[in-house]
Amino acid sequence: MLSLLFLTLCLVGGSVAKPPAPAIKKDLVGIVGGQNAAKGKWPWQVSLKMYSYYSSAWVHICGGSLIHPKWVLTAAHCIHHRNTDPSTYRVLAGEIYLYGDQKLLTVSRIIVHPDFVYASRGADVALLQLAEPADCSGNVQPIRLSSLNNEVTQKDECWVTGWGALRYYGWLPPPFRLQEVKVQVVENSVCEQLYQKATWYHHDDRRIIFDDMLCAGSEGRDSCQGDSGGPLVCKNSDSWTLVGVVSWGYGCGWRDLPGIYARVQSYVPWIKQHIQSSS
Ligand code: 4AZ
């Protein structure tokens, strides 16, 4: 029954893009040290777009991951504000090039995590419900969420993907092809020390890397602006698991300053609660 439902959901296509009412201009912003991704290799990767009247087009603002035919997980800081009209967003799925004659999916509901204030405070996760389920095929497939007892370590094979900047303020050039880079996970305690060392302003010995964050990357291998909201995935006995959502960091690809991700494991109960209550 469940699989029948899944099949039905996966066979229905999305809607054709139409411009919405409000005009919001966002700069198009890759992955540091990456390479071109092959079509269909990362079938959960989506682009979150907003309409730009300046460009007369839906432009990429953030990455995201399809975690269910009707749900995308992205970063909370990609959403303008908590009550943003969902019609101001569209989702591109199953493509490696950002622009072209493409079918965009409509967003019907946005759920920003209630604890989110700004990225470096944590809870940088948001759910987007799609008006129509994504047309799941070879190039469009949801990714499995990290399980509650699955600890990722520096030994795991992990990759981050996106259309973000190639270096700090160095935008990805046309034809805007999806980039991928293999990154090493850095333990939270090590990451905390690195970030403490790089922080000149210490306020009450404030913690920087919270338990709901995960660090990954090294000099020249990192995510960057425009990759936000996108997936950090690790290989788990031949299948991929979503372990992180691109969130923040000091610079991009800088030495001893890994990228910081929302730790998906910390948000699995919150995600499941929403998906199960409205599916
Ligand atoms: C950003 O500004 C951003 N190097 C995303 C990822 C990282 C830094 C900044 C990680 O969206």
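Residues numbered from 1 in each chain as written. Predicted model: local features only at pLDDT ≥ 70, side-chain atom pairs only at ≥ 80, totals over all residues. Heavy atoms only, no water.

Sorry if this is basic, but what is going on with the confidence of the model for the protein here?
The predicted coordinates should not be examined in detail at positions where pLDDT is low. Taken as a whole, the protein shows an average pLDDT of 89; of its residues, 88% reach a score of 70 or greater. For residues 1-29, every residue scores under 50 in pLDDT, and the model assigns this stretch 69 contacts once sequence neighbours within four places are set aside. (pLDDT = per-residue confidence, 0-100. Contact = heavy atoms within 4.5 Å.)

Teacher, can you tell me more about the pattern of salt bridges here?
A side chain of one charge can pair with a side chain of the opposite charge when the charged atoms of the two come close. Under the defined criterion, the tally for this structure stands at 4 salt bridges. Measuring nitrogen to oxygen at the nearest pair gives 3.7 Å for the salt bridge that ties E95 to K39. In this pair, E95 sits in the loop between β5 (89-93) and β6 (105-112) while K39 sits in the loop between β1 (35-36) and β2 (45-52), placing the two residues 56 residues apart along the sequence. Judged by relative accessible area, which is 46%, K39 ranks as partly exposed. Its salt-bridge partner being R207, residue D211 comes within 2.5 Å of it at the nearest N-O pair. Note on D211: relative accessible area 55%, which makes it exposed. Residue classification places R207 among the partly exposed positions, given a relative accessible area of 38%. (Salt bridge = Lys/Arg side-chain N within 4 Å of Asp/Glu carboxyl O. Helix = DSSP H or I, 4+ residues; strand = E, 2+ residues; numbered from the N terminus. Buried < 20%, exposed > 50% of the residue type's maximum accessible area, 1.4 Å probe, protein only.)

In this structure, what is going on with the sheet that holds strand β7 (residues 126-130)? I would like to understand it.
Whenever strands of a sheet pair, they do so through backbone hydrogen bonds, lying parallel or antiparallel. Sheet architecture is closed into a barrel: 6 strands sit in the order β2-β3-β4-β7-β6-β5, paired in antiparallel fashion. Geometrically, the sheet is characterised by an average inter-axis angle of 45 degrees between neighbouring strands, direction not taken into account. Summarising the sheet, strand β3 (residues 57-68) and strand β4 (residues 71-74) pair through 3 bridges and their orientation is antiparallel. When the bridges of β4 are listed, S65 appears paired with L73. (Pairing = 2+ DSSP bridges. Axes fitted to C-alpha atoms, helices over the stretch in contact; angles between N-to-C directions.)

So what exactly am I meant to see when it comes to the site of the ligand here?
Near the ligand you find D222, S223, C224, Q225, S228, V246, W248, G249, G251, C252 and G259, and these make up its full shell. One of the side-chain N or O atoms of S228 is found 2.8 Å from an oxygen atom in the ligand. Within the shell around the ligand, the residues separate by chemical class into 4 nonpolar, 6 polar and 1 charged. (Near = heavy atom within 4 Å. Polar contact = N/O pair within 3.5 Å; in protein donor to acceptor, adjacent residues only side chain to side chain. Nonpolar A, V, L, I, M, F, W, Y, C, P; charged D, E, K, R; others polar.)

Is there a simple way to think about the packing of aromatic side chains in this case?
Within a pair of aromatic rings, the relevant descriptors are the distance that separates the centres and the angle that separates the planes. The final tally for this structure, using the stated rule, is 12 aromatic pairs. A ring pair is formed by W42 and W44, whose centres lie 6.1 Å apart and whose planes are at 65 degrees; its orientation type is edge-to-face. The buried category is assigned to W42, whose relative accessible area is 4%. According to the relative accessible area criterion, W44 is buried, its value standing at 6%. These aromatic residues form a ring-pair network of at least three members: W42, W44, W159 and W240. K41 extends its terminal NZ or CZ atom over the ring of W159, reaching a point 4.7 Å from the ring centre. (Phe/Tyr/Trp six-rings, centres within 6.5 Å; stacked < 30°, edge-to-face > 60°. Lys NZ or Arg CZ within 6 Å of the ring centre and 35° of its normal.)

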